[in-house]
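Given next are the chains, with one letter for each unit.
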Amino acid sequence: MSPDNLSGEDGRRFETLAVTHGEEPDLSNGVGDVTSPIHLASTYAVDGIDMDTALEDLDPDADEFLYTRLSNPTRHAVEKRVAALEGGDHAMAFASGTSAVVASVMAAVEPGDRIVAFEDLYGGTNTMLKELFRDRLNVAVEFVDATDPEAVRAATTDDTALLWMESPTNPLLRLCDIEEMAAVADDHDALLGVDNTFMGPYFQRPLELGADVVVHSTTKYINGHSDSLGGVAVLSDDAYAEEIGFLQQVGMGNVMAPFDAYMVLRGLKTLPMRMRQHEANAAEVAAYLDSHERVEAVHYPGLDAHPQHDLATDQMDGYGGVLSFEIDGDLADVERFVAALEAFTLAVSLGGVESLIEHPASMTHSPLPAEERAELGITDTLLRVSVGVEHPKDLLADLERGFEAIDAAETDPRDADPSEASASMD
């Protein structure tokens with residue numbers, strides 16, 4: 001279903017929900033703010049003592065607030081809006097995307113359970129599953145190639161409590177068939193979690209495909225301006241939501257701050273327009289790289305040559321703004337390339353309006369041992385690009401500048417020392 005035709009419970013479509021849902025003006029206070037105020041108060045006055053009301057009975061929808069860790073009006077507006085955009089009944093906003101993942105996993109498993117996870121996960125998630133859940137909490141974790149549904153099915157047993165997926169993955173843009181993953185999970189009474197950060201709800205809504213929980217790093221596309229840190233978990237199952245909510249408010253107390261919530265609300269208003277431009281620019285960049293003699297491979301679901309292009313077309317409404325590519329050369333060539341760029345900033349993260357480029361082997365995926373990176377296909381010549389919303393011709397000219405730096409080093413030996421580039425990557 002196209003996001004332009006997606007309607008919420010009140011009949012409003014995605015574009016409208018992104019702008020207004022969760023922060024409709026409240027005229028009862030005589031002010032009628034068009035945008036939700038930043039509620040910085042850490043505590044709230046109450047009408048009186050009520051021995052019959054427990055903390056869990058407080059209803060933010062009824063303007064019942066006690067303490068900001070438990071609920072905050074600005075954060076609540078974010079939770080309502082993202083839930084509506086993802087098609088879920090509940091959303092919990094966290095201080096980071098990582099904390100949203102931790103809570104979603106922890107709420108699904110207990111010691112002695114098993115997790116089956118996509119082997120090509122974000123390096124931080126991979127490390128978390130191994131060093132926190134496997135090594136400290138006695139939860140078995142098996143990593144599999146989830147591009148093959150049969151591999152997931154073979155790894156999933158009746159003591160598997162959770163399947164954890166990213167689609168597309170970071171940084172190789174591999175996909176899993178989310179409907180197939182949901183079927184495997186259902187066969188074993190397991191839960192399915194999907195990290196949807198790379199696509200956002202505009203291009204993909206995993207709950208519609210059978211996922212039990214969807215997480216985002218709101219730091220990325222949902223906020224879209226590289227100036228707010230946060231995460232969110234979205235789901236519809238009441239019992240599972242209660243467990244995640246407990247971890248958010250009490251077990252971890254790791255909630256999104258009011259100012260970050262305000263920034264996310266602002267960013268969400270332009271999400272549809274930004275995503276369309278990100279995708280349009282990424283398509284041009286991918287086509288340019290795919291035809292360049294200095295490029296060995298381009299990983300982007302929007303290319304016909306992508307091995308899962310048909311699956312991407314079936315389960316997503318667009319191909320997103322992230323791609324990765326491998327330079328035909330060595331690490332020194334990669335260093336020269338990134339040092340010559342001007343429009344692309346060498347930095348981790350993604351999803352902002354500005355274009356970023358990063359070197360997974362030395363940056364986002366450096367926590368993984370070299371042999372593990374090699375097994376996954378994360379080479380020293382792989383670069384990941386978050387394509388921004390600048391003019392695409394300026395982006396292509398900048399990439400060409402990088403390739404020219406490699407050519408110059410080959411034709412003039414005096415340019416062969418990439419020490420300055422090496423220092424910039426440290």
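Residues take numbers from 1 onward in each chain, read along the sequence in its written order. Local features in this predicted model are restricted to residues of pLDDT 70 or higher, and side-chain atom pairs are both shown and tallied only at a pLDDT of 80 or more, whereas totals for entire chains, interfaces and linings draw on every residue. Side-chain numbers come from the whole structure's heavy atoms, not from hydrogens or water.

### A few points about the side chain of Thr156
Logical step 1: Counting from the N terminus, the helices are DSSP H or I runs at least four residues long and the strands are E runs at least two residues long. Position of Thr156 among the secondary structure elements: in the loop between α5 (149–155) and β4 (160–166).
Logical step 2: Looking at Thr156, the relative accessible area reads 4%, which means it is buried.
Logical step 3: Separated by 2.7 Å, the side chain of Thr156 and the backbone oxygen of Val152 make a polar contact. We call a residue buried when its accessible area falls under 20% of the maximum for its residue type, exposed when it is over 50%, and partly exposed in between, using a 1.4 Å probe and counting protein chains only. Definition of a polar contact: a pair of N or O atoms within 3.5 Å, with one able to donate and the other able to accept a hydrogen when the atoms are protein atoms, and with sequence-neighbouring residues admitted only if both atoms are side-chain atoms.

### A closer look at the pairing of strand β5 (residues 191–195)
Logical step 1: Here β5 lies mainly inside the structure; four of its five residues are buried.
Logical step 2: Paired strands, in this sense, are two strands between which DSSP finds at least two bridges. The sheet contact formed by β4 and β5 spans five bridges and is parallel. Residue pairing across strands places Glu166 opposite Asp195, the latter belonging to β5.

### Some points on helix α12 (residues 331–340)
Note that an α-helix has 3.6 residues per turn; residues three or four places apart therefore point the same way.
Logical step 1: Counting buried residues in α12 gives eight out of 10 residues, a clear majority hidden from the surface.
Logical step 2: Taken together, the buried positions of α12 are occupied by Ala332, Asp333, Val334, Glu335, Arg336, Phe337, Val338 and Ala340.
Logical step 3: The N-terminus of α12 is capped by Asp330, whose side-chain oxygen sits 3.2 Å from the backbone nitrogen of Ala332.

### What to know about the packing of aromatic side chains
Logical step 1: Stacked, edge-to-face and tilted labels apply to pairs of Phe, Tyr and Trp rings (six-membered ring for Trp) whose centres lie within 6.5 Å, assigned for plane angles under 30 degrees, over 60, and everything in between, in that order. In this structure the tally under the stated criterion is seven aromatic pairs.
Logical step 2: Ring centres 5.3 Å apart and planes at 65 degrees place the aromatic pair Phe14 and Tyr202 in the edge-to-face group. Note that Phe14 is positioned in helix α1 (residues 14–20) and Tyr202 in helix α7 (residues 200–203), a separation of 188 residues in sequence.
Logical step 3: Residue Phe14 is classed as buried on the basis of its relative accessible area of 0%.

### Examining the packing of helix α2 (residues 73–86) against helix α9 (residues 258–268)
Logical step 1: The axes used here are C-alpha line fits, helices contributing only the stretch in contact, and every angle between their N-to-C directions lies in the interval 0 to 180 degrees. Relative orientation of the contacting elements α2 and α9 amounts to 35 degrees, with a least axis distance of 8 Å. The chirality of how α2 crosses α9 is left-handed. Along its contact with α2, which presents Thr74, Arg75, Ala77, Val78, Arg81, Val82 and Leu85, the element α9 presents Pro258, Ala261, Tyr262, Val264, Leu265 and Leu268.
Logical step 2: Each residue gets one label: Ala, Val, Leu, Ile, Met, Phe, Trp, Tyr, Cys and Pro are nonpolar, Asp, Glu, Lys and Arg are charged, and the others, such as Gly, are polar. Tallied by class, the residues present in the contact of α2 with α9 amount to 10 nonpolar, one polar and two charged. Helix crossings get a hand from a simple test, with the near helix turned counterclockwise from the far one by less than a right angle marking a left-handed crossing and a clockwise turn marking a right-handed one. Here, residues are in contact when the closest pair of their heavy atoms is within 4.5 Å.

### What about the pattern of salt bridges?
Logical step 1: Salt bridges are counted wherever a side-chain nitrogen of Lys or Arg sits within 4 Å of a carboxyl oxygen of Asp or Glu. In the structure shown here, the tally under the stated rule is 20 salt bridges.
Logical step 2: The partner of Glu15 in a salt bridge is Arg276, with the nearest N and O atoms 2.6 Å apart. With Glu15 in helix α1 and Arg276 in helix α10 (residues 271–290), the pair connects residues that are 261 residues apart, well separated along the chain.
Logical step 3: Given a relative accessible area of 35%, Arg276 falls into the partly exposed group.

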